Amino acid sequence: MTEQPSAQPAPQRPIPKAGDLLALAVATARAAADLVRERAAGVVEVADTKSTATDVVTQADRDTEALIRRLISEQRPEDAFFGEEGEETGGTSGVRWIVDPIDGTVNFLYGLPRYAVSIAAEYAGEVVAGAVVDVAAGTLYAAFRQPDGSAAAVRDGEPVMVRPPAELSQRLIATGFSYDAGLRRVQAEALVRFLPVVRDVRRIGSAALDICGVAEGTLDGYLEEGLHLWDHAAACLVAEAAGARWEATTGAGGRRFVVVAPAHGYDELREAAVQAGFLPVDSVPGVVPD
Ligand code: IPD
C-alpha cells in the first residue's frame, strides 16, 4: 500500500514578534560589541583578504560573527543566518538574521574608533528589527517594526529624529568608497560633480554608523555604491523609523547602491546623485545586484 499524504493541515508557525527579535538582536549586539572592544585593546592584524587586497578580515571579525551565530541559534535554532564572514545557512521559521560583526573593519584595524556591530532580523523578506552598536562609543541604535507597519527608532533608549529640511547646498552628506579600484574611479568621478553642490562630504568608514548618523540628525544624508545587505539592513530600519527614506538600487558601476536621507529631502538628494553620475538615470528602486 502506498502511503497517502496526511490530511492534517501543516501546523501554523507562530509569527515572531518583532519586539522579541529586537530584544535578542540588542542582547547579542551588546555581547558582540564587548568582544570587539576586548580585541581592540590587543593586537589587531589582518587574517585574510577578500574581494581585493584592501578588503580585509581580522580574526576578531570571524570570532565575533561566530559568537553572534551561536547566541542567536541557542535561542532560535530554526532561523536562517546571513553574515559577512561565514556560510549562509537556511532555516524554517521565516526569520533570517543579517549580520555584520564589524562594520568598519579598516577603522578597527587602524584603531580609528568608528566601527559597529550590526544585526538585523528579517521576517518574510522584510527587515522588522535592527540593532547597531557603535563599539567605541558604546552607543546602541535600535528599531523594530510594529504590526501596523510603523516603526520607532531609539539611541540608548531615547527617540531620535532626522535633521530638519536644508537646502542641498547646506547638507552634509556621508559616502564611502569601494574596495574595488574600478568602482572607486566611477565614485571619484561622480564625487567631482557632487562635492560642489553640497555643504561637504564625509567618509567615516562605517556604512552602518553613517546611516545611523542620518537617523540621529548628525548627517543630512548618505549614499554609496558597493554595499552589501549586511552593511545597511539594520541601520536603514533605524533611519526609516527616525523619519528617513532609503532605497537600494543599482549604481552607475553596476553594484548595490544605497541612498538614505530625511524623507523631506530625499528626492532632491537622489536627483543630485543621478546628476553627478553616481546613479544611472533609469535606475529602478529595489533592483539590486547580489
Ligand atoms: C565597509 C564599511 C565602509 C564602506 C564599505 C563597507 P566592512 O564595511 O561600511 O564604510 O565604505 O563599502 O564594505 O567591510 O568594514 O564591513
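It should be emphasised that the depicted structure is a prediction, and the values quoted were computed from it without experimental measurement. Per chain, residues are indexed from 1 in the order of the written sequence. The predicted origin of the model limits local features to residues at a pLDDT of at least 70 and limits the giving and counting of side-chain atom pairs to 80 or more, whereas totals for whole chains, interfaces and linings rest on all residues. Side-chain metrics in this entry use all non-hydrogen atoms of the structure; hydrogen atoms and water are not considered.

**What about helix H5 (residues 207-216)?**
So, point 1. Counting buried residues along H5, ten of its ten residues qualify, which places the element largely inside the surrounding structure.
So, point 2. Along H5, the residues classified as buried are Ala207, Ala208, Leu209, Asp210, Ile211, Cys212, Gly213, Val214, Ala215 and Glu216.
So, point 3. Immediately downstream of H5, the backbone of Gly217 shows phi near 85°, a positive value. Residue burial is assigned from relative accessible area. The probe radius is 1.4 Å, only protein chains are included, and a residue is buried under 20% of its type maximum, exposed over 50%, and partly exposed in between. Helix and strand assignments come from DSSP, with helices taken as H or I runs of at least 4 residues and strands as E runs of at least 2, each series counted from the N terminus.

**Things to note about the site of the ligand**
So, point 1. The near set for a molecule or strand comprises every residue that places at least one heavy atom within 4 Å of it. Lining the immediate environment of the ligand, one finds 16 residues, of which Asp103, Gly104, Thr105, Ala207 and Glu224 sit closest.
So, point 2. Surface exposure here means Shrake-Rupley accessible area, sampled with a 1.4 Å probe, where a residue is shielded only by the protein chains that are shown. When the ligand is considered free in solution it has 380 Å² of accessible area, and contact with the protein chains removes 96% of it.
So, point 3. For the shell around the ligand, the element with the most residues is strand E4 (residues 95-103), which contributes three residues.
So, point 4. Under the scheme applied here, ten amino acids are nonpolar (Ala, Val, Leu, Ile, Met, Phe, Trp, Tyr, Cys and Pro), four are charged (Asp, Glu, Lys and Arg), and all others, including Gly, are polar. Among the residues forming the shell around the ligand, the class breakdown is five nonpolar, five polar and six charged.
So, point 5. Note that domain bounds follow an automatic or database assignment of domains. Composition of the shell around the ligand by domain shows at least three residues from each of domain 1 (18-159) and domain 2 (168-276).

**Here's the deal with the UniProt feature "binding site: Mg(2+)" (unreviewed entry) in the protein**
So, point 1. Mapped onto the present numbering, the UniProt feature "binding site: Mg(2+)" (unreviewed entry) falls on Glu84, Asp100, Ile102, Asp103 and Asp231. These annotated residues cover 148 residues of sequence, but their C-alpha atoms sit close together, with the largest distance between any two at 9.4 Å.
So, point 2. At a separation of 3.3 Å, a polar atom in the side chain of Asp100 contacts the main-chain amide nitrogen of Ile102.
So, point 3. If sequence neighbours within four positions are ignored, Ile102 has contacts with Val36, Thr58, Ala60, Asp61, Glu84, Phe108, Tyr115 and Ala116. UniProt positions are given in the numbering used here, feature names are shortened, and annotations may be inferred rather than shown by experiment. Two N or O atoms form a polar contact when they lie within 3.5 Å of each other; inside protein one atom must be a possible hydrogen donor and the other a possible acceptor, and for residues adjacent in sequence the pair counts only when both atoms belong to side chains. In this analysis, two residues are considered to be in contact whenever any of their non-hydrogen atoms come within 4.5 Å of each other.

**A few points about the pattern of salt bridges**
So, point 1. By convention in these notes, a salt bridge is any Lys or Arg side-chain nitrogen within 4 Å of a carboxyl oxygen on Asp or Glu. Within the structure shown, the criterion is met by 18 salt bridges.
So, point 2. For the salt bridge of Glu85 with Lys50, the shortest nitrogen-to-oxygen distance reads 3.2 Å. Taken together, the residues span a long stretch of sequence, with Glu85 in the loop between strand E3 (80-83) and E4 and Lys50 in the loop between strand E1 (46-49) and strand E2 (56-58) at a distance of 35 residues.
So, point 3. Arg96 is paired through a salt bridge with Glu122; the nearest N and O atoms lie 2.9 Å apart. A residue pair is termed long-range when its members are at least 10 positions apart, and Arg96 in strand E4 and Glu122 in strand E5 (residues 116-123) qualify at 26 residues.
So, point 4. The class of Glu122 is buried, set by a relative accessible area of 11%.
So, point 5. One connected set of salt bridges, linked through shared partners, spans Lys50, Glu84 and Glu85.

**Concerning the nonpolar core**
So, point 1. By convention a nonpolar core is built from buried Ala, Val, Leu, Ile, Met, Phe, Trp, Tyr and Cys residues, the set being connected through side-chain atoms within 4.5 Å. Core analysis: the largest hydrophobic core is formed by 38 residues, its most contacted members being Ile98, Val132, Ala153, Ile211, Tyr222, Val258 and Val260.
So, point 2. Taken together, the elements giving at least two residues each to this core come down to E5, strand E6 (126-134), strand E7 (139-145), strand E10 (172-175), H5, helix H6 (229-241), strand E13 (244-250) and strand E14 (256-262).
So, point 3. When residues in this core are grouped by element, the largest group, ten residues, is from H6.
So, point 4. Both domains that meet at this core, namely domain 1 (18-159) and domain 2 (168-276), each give it at least three residues.
So, point 5. Beyond its immediate chain neighbours, meaning those up to four positions away, Ala153 contacts Ala142, Ala143, Glu158, Pro159, Val160, Val238, Ala241 and Ala242.

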